[in-house]
Amino acid sequence: MAAFDGDPGSETIEYEPVGVKDLLVAMKNSSELIVDLAYSALLNNSEQLATEVLELESQMDRLQMQARMNLLMAARNPQDSKQLAPVLGVVGATEKISNAAGDIAAIVLEETELPGAIRAALPEAMEVLTRATVDPGSAYADRSLGDIDLETETGVRVIALRSDDEWELDPDNETTLESGDVLLLRGAASNLVDVYETVTGEPYEQTEPVESEITDLDRAVDTIVLMKNVSELSVDLAYGSVLADDEPLAREVHSLEIEVDALQARLEAWTLQAAGEIDDPITLRGLLRLANSAEVISDAALEITEGILRDIDTHPVITESVKESDVAVRPVRIGAESPFVGADLGSILDTHAGVSVIAIHDAADEWTFYPERASQLATGDVVIARGTWNAIDDLLSAAEA
């Protein structure tokens, strides 16, 4: 992995007087992307995506070291130290998230049979994440995303862009695609075929699934997909709770951490059972590594909320850094008098452009990830919404009307 390994020849990071707020913004956005990227690399058996995880992990290592240096320079007295301690906690938790994501990517790069077998067991309907480099002759080269209108025209969206060693996360309509840029594209596999060829000038090829002697792998893959959803949501909600100094939201992160513990135990139990049914049990070791990495990510997300759960005032630099992000993740609580009670999700989203729902936590303590548009909302539901700040504010106001 890209983390410092004690080698004296490793990259030297010098102190630079960079605003801590800017560093935390970059670390927050990178944390959210790297978890998605790592799981996608595993589920799609993509060495290219796994390599991008390590590239992003290396950048996060630099950001974390620079943040520590600047925080230490900012602590001038005991009061400063008390206020900045939770900020250091966020930095440390972010490091754990990136290292765990790197461990997941390593499964793809080091294992042989397992990642291919996992891909073979994936549900057909699941969206695919792929990496594409802009060819100089591409019809998209030197054009903005707004001009291309990619998502509307093709159903494929650019979730991140890397130019040399610089990452642009959540690119907007003003982002211009240049020759040599590396795009991370997400969409249905059938839609990605034409987009990938237009971007790269080459045919779209996926790593072939691997036939395996492992039986009942579908059940393990279902658990892995749940781990991916819960891990991503945990990180999103952790930062969201810090922004709003929202203790109930921080406790949602805690409930997700318990969920991951249960998923980890389920995956470990399945792995031990499967090990007795195949000739070479060592091929399953990647699943145990994955289970451990998932727990590390959820524990780190919980650490981000530690200041709130311990009733320590949120430092302004944390609040400002999260506000700098273009995208917000907020809970919408459905009270008994809410006009949303009994409404289906699709009708609500149709009247609130720029918002998507990534999960619903119902009154029975059950989580539904990426719910269908036909889902009906009930009193006590907590809807986890993602979108622009203005769109989320409008949704919150409408839910309380």
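Reading the values: the criteria
Residues numbered from 1 in each chain as written. Predicted model: local features only at pLDDT ≥ 70, side-chain atom pairs only at ≥ 80, totals over all residues. Heavy atoms only, no water. Buried < 20%, exposed > 50% of the residue type's maximum accessible area, 1.4 Å probe, protein only. Helix = DSSP H or I, 4+ residues; strand = E, 2+ residues; numbered from the N terminus. Pairing = 2+ DSSP bridges. Phe/Tyr/Trp six-rings, centres within 6.5 Å; stacked < 30°, edge-to-face > 60°. Axes fitted to C-alpha atoms, helices over the stretch in contact; angles between N-to-C directions.

A closer look at the pairing of strand β4 (residues 166-169)
Only one face of β4 is buried: it carries Trp167 and Leu169, and the other face, with Glu166 and Glu168, is open. As judged from the four bridges shared by strand β3 (residues 157-163) and β4, these two strands associate in the antiparallel manner. Bridging from a neighbouring strand, leucine 161 pairs with glutamate 168 of β4. Two successive antiparallel strands, β3 and β4, enclose a turn made up of two residues, where aspartate 164 displays a positive phi of approximately 55 degrees.

Examining the packing of aromatic side chains
In this description, a pair of aromatic rings is defined by centroid distance and the angle of the planes. Per the stated rule, a full pass over the model turns up two aromatic pairs. Centroid distance tryptophan 367 to phenylalanine 369: 6.0 Å. Interplanar angle 10 degrees. Geometry classified as stacked. Like tryptophan 367, the residue phenylalanine 369 is buried in the burial classification.

Quick look at the sheet that holds β3
Strand order in the open sheet formed by four strands is β1-β6-β3-β4, and the pairing between neighbours is antiparallel. Of all strands in the sheet, those with a lone pairing partner are β1 (128-133) and β4, marking the two edges. Along the sheet, successive strands turn relative to each other by an average axial angle of 20 degrees, direction set aside.

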